[in-house]
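Residues per chain are reported as follows:
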Amino acid sequence: MKSQGFTTHLVHHDHNQNLEFGAIHAPIYNSATYGYDDIQDLIDIFQGRQAGQAYARQATPTIDMLQNMICEMEQGKASLCFSSGMAAIVAVFLTLLKGGDHIVASRFLFGNTSSVFGTLKSFGIEVTLVDATDVANVAAACQENTKMVFVETIANPATQVCDLAEIGELCDAKGLLYVVDNTLTSAYLFQPKTVKCHLIVTSLSKYFGGHGNVIGGSVTDTGLFDWSQYPNIFEAYRKGDPAMWGYAQMKKKGLRDMGACLSSEAAGQLALGSETMALRIKQSSDSTLALALMLENHPKVERVYYPGLESHPEYARAKSLFGASGSMLSLDLKEGLDCCKFLNALKLVIGATHLGDNRSLALPVAPTIFHEIGLAARQESGISENMIRCSIGIEDTDDLLADFTQALASL
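Conventions and cut-offs
Residues numbered from 1 in each chain as written. Predicted model: local features only at pLDDT ≥ 70, side-chain atom pairs only at ≥ 80, totals over all residues. Heavy atoms only, no water. Phe/Tyr/Trp six-rings, centres within 6.5 Å; stacked < 30°, edge-to-face > 60°. Buried < 20%, exposed > 50% of the residue type's maximum accessible area, 1.4 Å probe, protein only. Lys NZ or Arg CZ within 6 Å of the ring centre and 35° of its normal. Core = buried A, V, L, I, M, F, W, Y, C linked by side-chain atoms within 4.5 Å. Helix = DSSP H or I, 4+ residues; strand = E, 2+ residues; numbered from the N terminus. Contact = heavy atoms within 4.5 Å. Pairing = 2+ DSSP bridges.

Okay, the packing of aromatic side chains next. Here the structure, examined in full by the defined rule, presents ten aromatic pairs. On the basis of an interplanar angle of 75° and a centroid distance of 4.8 Å, the ring pair of Phe225 and Trp227 is categorised as edge-to-face. Trp227 matches Phe225 in its accessibility class, with the two residues each being buried. Feature note: the residues Phe93, Phe117 and Phe150 constitute an aromatic cluster, connected by ring pairs. Seen from the ring of Phe234, Lys253 lies directly overhead, with NZ or CZ sitting 4.9 Å from the centre.

This part is about the nonpolar core. In terms of nonpolar packing, the biggest core is built from 50 residues, with Leu66, Val149, Val151, Ile167, Tyr178 and Phe208 touching the most fellow members. For this core, the element with the highest residue contribution is helix α3 (residues 61-74), accounting for five residues. Non-local contacts of Leu66, meaning those with residues more than four positions away in its chain, are made with Cys81, Leu204, Phe208, Leu262, Ala267, Leu270 and Ala271. Counting residues in hydrophobic clusters, the runner-up holds 36 residues, among them Ile89, Ala91, Ile103 and Met148.

By the alternation rule, side chains of strand β11 (residues 361-364) split into Leu361 and Leu363 and Ala362 and Pro364, which are all buried. Where strand β10 (residues 350-351) meets β11, two bridges bridge the pair, whose relative direction is parallel. Paired with Ile350 across the two strands is Leu361, which belongs to β11. Relative to strand β12 (residues 387-391), β11 runs antiparallel, the two being bridged by four bridges. Following the sheet pairing, Pro364 is matched in β12 by Ile388.

And the structure:
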């Protein structure tokens, strides 16, 4: 990665593995199980003394290739792939925490992640939500039983940017596991390892795949955490290199036991989609900034939420940390204007959930993806009742600006 550019490395990754027959893409292995002439080889694989395949619930050669690619992109120690981004997040929580533990998490989170915290509380795991744009709030929430801090890089949908670097320093000083959801920035725009992150969670369904046709998630261990000091590692995994103990436990418990496995077909699609990640993100980020600037000055728009705007509260932080501010923005129309009428008037933008697609997508936030959490929680998360979230795709910038302009004119 150091000697080659981001995209150069990605498009040549598979071919550089010396695949059979000179293939430039890793083959898709659909076998669920793997046989060995010498049964001792199978025993050694089961007991962790030898690398290899046993059963597709934990990995296949295709998934291994994808995991290797992600790990290199994130400059990590090891990566695991799961059937979805939420499966990856839940695996981190349920394999590394136990009843009586405490998490400090950003209040500004994806709705489904917030929902998971309700489930964790029923298992006896305490959760404290704070405004993580200020590290002082995170520090004040820490308790004797705190084990983990969890944040997102750019919050969905109100785009708050957490105090990522200072939180990393805090976790390092206190020996806390620092987990960063890098979905909305991706490895192309941000390297969480630079802020002392320990585990990077990513929904591969978004910018990694990019085409809205496959779901997957990943967890990358950056190699910065001292697992030998973490009390929740089971005795069975306290062997070999301590740097791999957390990885081993997440793999065995999250994949083998919970079964949240990615298919080889999905892994192949994600690897193929990743090759154009940088090109897609650059185009969509440029268009999103242009659109944000236009909307900010439009008389029918009350507010635009986008870290690339100088008016954004965390603009300076986003500029210092990220290569760009990504392709998600949200907006509030002026009071009295109908969100649904506006969305229905858009011709290029599709009314749909999802982020990081090649196509631009939009939806009203409060009655859809954040309906379940209720009004009070929406207000605490900075989500207005007329907020519209937009995921900007790779369409030509002028076409997108024209579409938003005509839709606003119809109100």
